[in-house]
Amino acid sequence: MAGRVVECPIDEMNRPRGAKDAQLRIPPTGPEVGTLFTGWGGALATCRKFAPTARKHTASKLMSQVGLRVSEACKLDLTDIKWDLGRFGKLHVRHGKGARGSGPRERMVPLINGADRTLRWFIEDVWGQFDDDHSRPGAPLFPSERKNADGSSRRAGDDALRGGLKDAATAHLPGWGEKLTPHVLRHFCASQLYENGLDLLAIQEVLGHSWIATTMRYVHVQQARVEDAWAAGTERVAKRLEGLIR
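Quick notes on the rules
- Residues numbered from 1 in each chain as written.
- Predicted model: local features only at pLDDT ≥ 70, side-chain atom pairs only at ≥ 80, totals over all residues.
- Heavy atoms only, no water.
- Patch = residues over 30% accessible without salt bridge, like charges linked within 9 Å, V, L, I, M, F, W, Y side chains within 5 Å.
- Areas by Shrake-Rupley, 256 points an atom, 1.4 Å probe, with all protein chains shown as cover.
- Salt bridge = Lys/Arg side-chain N within 4 Å of Asp/Glu carboxyl O.
- Helix = DSSP H or I, 4+ residues; strand = E, 2+ residues; numbered from the N terminus.
- Buried < 20%, exposed > 50% of the residue type's maximum accessible area, 1.4 Å probe, protein only.
- Axes fitted to C-alpha atoms, helices over the stretch in contact; angles between N-to-C directions.
- Parallel < 35°, antiparallel > 145°, perpendicular 65-115°, else oblique.
- Contact = heavy atoms within 4.5 Å.
- Nonpolar A, V, L, I, M, F, W, Y, C, P; charged D, E, K, R; others polar.
- Expected span 1.5 Å × (residues − 1).
- Phe/Tyr/Trp six-rings, centres within 6.5 Å; stacked < 30°, edge-to-face > 60°.
- Lys NZ or Arg CZ within 6 Å of the ring centre and 35° of its normal.
- Pairing = 2+ DSSP bridges.

### Comments concerning a nonpolar patch on the surface
Where nonpolar side chains cluster on the molecular surface, the patch consists of Leu 24, Ile 26 and Val 221 and spans about 280 Å² of accessible area. Checked against the element boundaries, Ile 26 lands in the segment before α1 (30-43). Classification of Ile 26 by relative accessible area gives exposed; the value is 53%.

### Regarding unusual backbone geometry
The phi torsion at Asn 113 lies on the positive side, around 65°, for a residue other than glycine. Within the secondary structure layout, Asn 113 lies in the loop between β3 (107-110) and α4 (115-125). Asn 113 sits in the partly exposed class, given a relative accessible area of 38%.

### Here we look at the packing of α1 against helix α5 (residues 158-172)
Helix-helix packing: each pair is described by the crossing angle between the helix axes and the interaxial distance. Here α1 crosses α5 at 100°, and the two axes come no closer than 9 Å. Taken as axis vectors, α1 and α5 run roughly perpendicular relative to one another. Seen from α1, the contacting residues are Thr 35, Leu 36, Gly 39, Trp 40 and Ala 43; seen from α5, they are Gly 164, Leu 165, Ala 168, Ala 169 and His 172. Counted by class, the contact of α1 with α5 contains six nonpolar, four polar and no charged residues.

### Looking at helix α6 (residues 182-195)
With 14 residues, α6 should reach 20 Å at 1.5 Å per residue; the first-to-last C-alpha distance of 20 Å fits that figure. Taken across its 14 residues, α6 has 11 buried, putting it largely inside the fold. In the stretch just after α6, Gly 197 is the one whose phi turns positive, near 105°.

### Brief notes about the packing of aromatic side chains
Applying the stated criterion across every chain yields a total of two aromatic pairs. When the ring of Phe 37 is compared with that of Trp 40, the centres are 5.9 Å apart and the planes differ by 10°; the resulting orientation is stacked. Linking Phe 37 with Trp 40, this pair stays in helix α1, spanning three residues, or about one helical turn. Aromatic side chains Phe 122 and Phe 142 sit 5.5 Å apart centroid to centroid with 50° between the ring planes, which places their arrangement in the tilted category. Here Phe 122 is found in helix α4, whereas its partner Phe 142 is found in the loop between α4 and β4 (143-147), with 20 residues between them in sequence. On the basis of relative accessible area, Phe 142 is assigned to the buried category, the value being 0%. Seen from the ring of Trp 83, Arg 120 lies directly overhead, with NZ or CZ sitting 3.9 Å from the centre. The ring centre of Trp 176 lies 4.5 Å from the NZ or CZ of Lys 179, which sits over that ring.

### So, the pattern of salt bridges
According to the stated counting rule, one finds 10 salt bridges in the structure shown. Where Glu 72 meets Arg 69, a salt bridge forms, and the shortest distance between an N and an O atom there is 2.5 Å. For the pair shown, Glu 72 and Arg 69 are each scored as buried. Lys 239 is the salt-bridge partner of Glu 235, the closest N and O atoms lying 3.5 Å from each other. Residue Glu 235 and its partner Lys 239 are both found in helix α9 (residues 225-245); the two are separated by four residues, about one turn of the helix.

### A few points about the sheet that holds strand β2 (residues 90-93)
An order of β1-β2-β3 is seen for the three strands of this open sheet, with the pairing classed as antiparallel. The two strands at the open ends of the sheet, each matched to only one other strand, are β1 (81-82) and β3. In terms of strand pairing, β1 meets β2 through two bridges, oriented antiparallel. Considered in β2, the bridge of Lys 82 is made with Lys 90.

Right, here's the structure in full:
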């Protein structure tokens with residue numbers, strides 16, 4: 001109003017979500033997660049209950065590919081898959097975690113990293129074993145074996161998905177049974193996307209973080225700024241010594 005521009009003292013881009021640092025989570029490597037899902041997928045042919053096991057497998061794989069929270073996965077409906085959006089289709093996450101208790105925060109998650117193939121297989125080959133009406137309003141993407149009064153499937157709970165991941169990790173990735181949680185898969189997803197060349201802003205959008213500082217904590221294990229600075233410094237010293245010798 002006075003014709004002066006006052007600099008904002010709050011950096012909205014890098015402002016952290018909380019005063020405390022998040023717990024350090026080091027996710028498994030790409031080959032380790034590959035071993036998990038290869039073994040888990042192979043076991044589908046001989047498991048006692050194919051459909052529930054395939055549902056847990058699909059939900060966990062989706063968490064590792066696009067970083068969904070387990071609560072977000074449980075609340076997805078079939079109609080939240082928007083196949084006609086973007087190059088691969090997108091997921092409309094309607095119940096994303098809001099910053100500091102602000103309520104659900106919606107976002108669109110692109111079906112990158114093979115997530116489109118994961119969902120197509122599940123819907124075409126598995127979903128019909130839970131329910132036969134794909135057009136029913138509110139039909140859950142991940143149904144439960146339990147039925148509602150009208151015969152439709154209920155929504156799978158997060159305990160079922162967490163338990164399925166834990167059992168699979170115990171069986172196919174020994175040593176990670178107690179440590180591999182849906183949130184660790186979310187960290188794995190962020191790290192893999194970063195390794196594959198996605199910038200931090202794109203990863204922030206995929207994961208639904210309010211602050212870029214939160215996203216940076218998810219990929220800090222893969223960042224090599226200190227190592228790069230050390231290598232560059234070593235190279236400068238070597239060149240300086242070479243010049244003195246000459």
